[in-house]
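Structural description and commentary
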Amino acid sequence: MTDTPVSNVLLVTVDSLRTDAIEPYGGEYETPTLSAVADRGTVFENAFAHGNWTPMSFPSILASRPAFADTGRIGVDGATTLAERLHDAGIATGGFNAANGFLTEHWGYDDGFDDFDAFVGGGGDGRAGEFVAAHPTWGAWLQLLTSPFRRAGSILRGGSDEQPFTDASRMLDVERGATSFVEETDEPFFLWVHYMDAHTPYVPAPRYLREISDRRVGKVRMLVAHVRTGLGWSVGDRTLADLRTLYQGAVRQIDASLDRLLSSLDDAGVGDDTAVVVAGDHGEEFMDHGHLSHYPKLYDELIHVPLVVDLPGVESGRVADHVGLDSIPPTICDLLGVDPADDWTGRSLVPTIRDGVAPRADPVVSVAVRGEDVTQQPIPRRLDEGDLLVSARERDWVYIRNTVTDVEELYDRRADPEQRTDLLADGDAVDSETPAARAHDRLCDAVRDHVATLEAVDPDDEGVGIDDDIETRLEALGYR
């Protein structure tokens, strides 16, 4: 453990956040709050998620464990969670998830939290909020069509249009829960918040679209974009651009919410004593490899994610070495003076942040489970519900293997950052002692070791059935 000048840690996770969507990673759109956090903190340029979907990625983020490694199914049952470790050490814990049905108590994510709310079910807007929670695409229509009237009414009442009129993403519920936790909790504390605004369907308040776009994106065009994707119609360049604008507006909405959340820390007098960790749980695809959203693939648009750590009293910097999101729990424990769990796979990044020590060089392994077709739903909830895809990554190389068909791919991230040229397509890369051949052997070994670990797990059936509210929310997000 390392001596640190903080008493508290705020962990902010953002669903479906691409690296190129925010300024610290060269994004073209302004994200002033995230930029300020990055300017004060440490930006990990090559941070990788351990899965393409929330249930594949989050066991590493909140329990430093690979998905499926303990029970053969999604969730963190059977693992020692970060919140449990901190709670047992006497640290107050609060967790607020903006209605992602895969991050609820059903999957064990409430374990160790003194105050936990997943906001699954109706919202604070009464019956309208309940409808929007279950039908977020309809929420997009309502948001866009009625916003002028809502804005006019708010201005006449002496208010502003700073916040969306309907909490379609449960962002405001998360803010209120987190702010109340900070106000009512004595130090030290650990607070986790999870934003869903950047997840499909993208429903930002119109004001954030105006802030990020210098071209007027008409309401009809936005609605058409939602309808075309919702019905599975083909997506042309114009519709794709409109979807990306909606997505960026949603990211800007998150940025504004984070600003209010950080201000609440200052208002409570704990801002200077609180470390802030920001991470995406996975990325988002905009036809990078032929699809939208985040279907079971392991290319960089889904696995390369933001990771920024703002540690008060430490100079800002950037780290080019590769790291995995399983480093988050041991890093937060290190910051709060708590020993990590023995079975955690990650290692603390505090020595890297504070002293420039290189992080562990082991490849970062990620997984996806694919059914008969890449777009098949539902998301597999057990390891044995489809083909297991496993990738291993370093800063310069990506290796991907379908463990059922034995199809493998290798990419040079420096020369081919979008993973367009598979170096194994003609077999030459592994036929000689080249950097690609050495990378192949090294990463292939990491994948084999990971697969052997998962194959040793005996899947259980506990917790398979889930309640109606969670199922409704998952269906609203496109997961049946």
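We now turn to the structure provided with this report. Starting afresh in each chain, residues are numbered from 1 along the sequence in its written order. Totals for whole chains, interfaces and linings use all residues, but because this is a predicted model, local features are given only for residues with pLDDT of at least 70 and pairs of side-chain atoms are given and counted only at 80 or more. With hydrogens and water set aside, each side-chain value is computed from the structure's full complement of heavy atoms.

**Side note on the sheet that holds strand S12 (residues 364–370)**
For two strands to be treated as a pair, DSSP must find at least two bridges joining them. Helix and strand labels come from DSSP, where a helix needs a run of H or I of at least four residues and a strand needs a run of E of at least two; each type is numbered from the N terminus. The antiparallel open sheet is built from four strands, whose spatial order is S12-S13-S14-S15. Each of the sheet's edge strands pairs with one partner strand only, and the pair in question is S12 and strand S15 (408–412). Strand after strand, the sheet turns through a mean of 15 degrees between neighbouring axes, direction not considered. Bridging between S12 and strand S13 (residues 387–393) involves seven bridges; their strand directions are antiparallel. Looking across to S13, one finds that alanine 368 is bridged to leucine 389. By definition in these notes, contact holds between two residues if any of their heavy atoms fall within 4.5 Å. Lines are fitted to the C-alpha atoms to define the axes, a helix being fitted only along its stretch in contact, and any angle between axes, read from their N-to-C directions, falls within 0 to 180 degrees. On top of the sheet, helix H13 (residues 435–455) reaches S12, S13, strand S14 (397–402) and S15; it is set at about 45 degrees to S14, its chief contact.

**Looking at the packing of aromatic side chains**
For Phe, Tyr and Trp, where Trp contributes only its six-membered ring, two rings pair if their centres lie within 6.5 Å, and the inter-plane angle classes them as stacked under 30 degrees, edge-to-face over 60, or tilted in between. Under the definition given, this model contains 12 aromatic pairs. Centroid distance phenylalanine 58 to tryptophan 192: 5.8 Å. Interplanar angle 55 degrees. Geometry classified as tilted. Taken together, the residues span a long stretch of sequence, with phenylalanine 58 in helix H2 (residues 54–63) and tryptophan 192 in strand S5 (residues 189–195) at a distance of 134 residues. For the pair shown, phenylalanine 58 and tryptophan 192 are each scored as buried. Taken together through their ring pairs, the aromatic side chains of Phe58, Tyr109, Phe113, Phe116, Phe190 and Trp192 make up a single cluster. When the NZ atom of lysine or the CZ atom of arginine is within 6 Å of a ring's centre and also within 35 degrees of its normal, the charge is said to sit over that ring. Sitting over the face of the ring of phenylalanine 48, arginine 393 holds its NZ or CZ atom 5.7 Å from the ring centroid. We call a residue buried when its accessible area falls under 20% of the maximum for its residue type, exposed when it is over 50%, and partly exposed in between, using a 1.4 Å probe and counting protein chains only.

**Section: the nonpolar core**
Core analysis: the largest hydrophobic core is formed by 73 residues, its most contacted members being Phe190, Leu307 and Ile332. Broken down by element, this core gets its largest block of residues, eight residues, from H13. Those residues within four positions of isoleucine 332 in sequence are excluded, and the remaining contacts are Val9, Leu11, Leu82, Leu86, Phe190 and Val277. For this analysis, a nonpolar core means a set of buried residues of the types Ala, Val, Leu, Ile, Met, Phe, Trp, Tyr and Cys, connected via side-chain atoms within 4.5 Å. Counting 45 residues, the second largest nonpolar core, distinct from the first, contains Val12, Val14, Phe96 and Val308.

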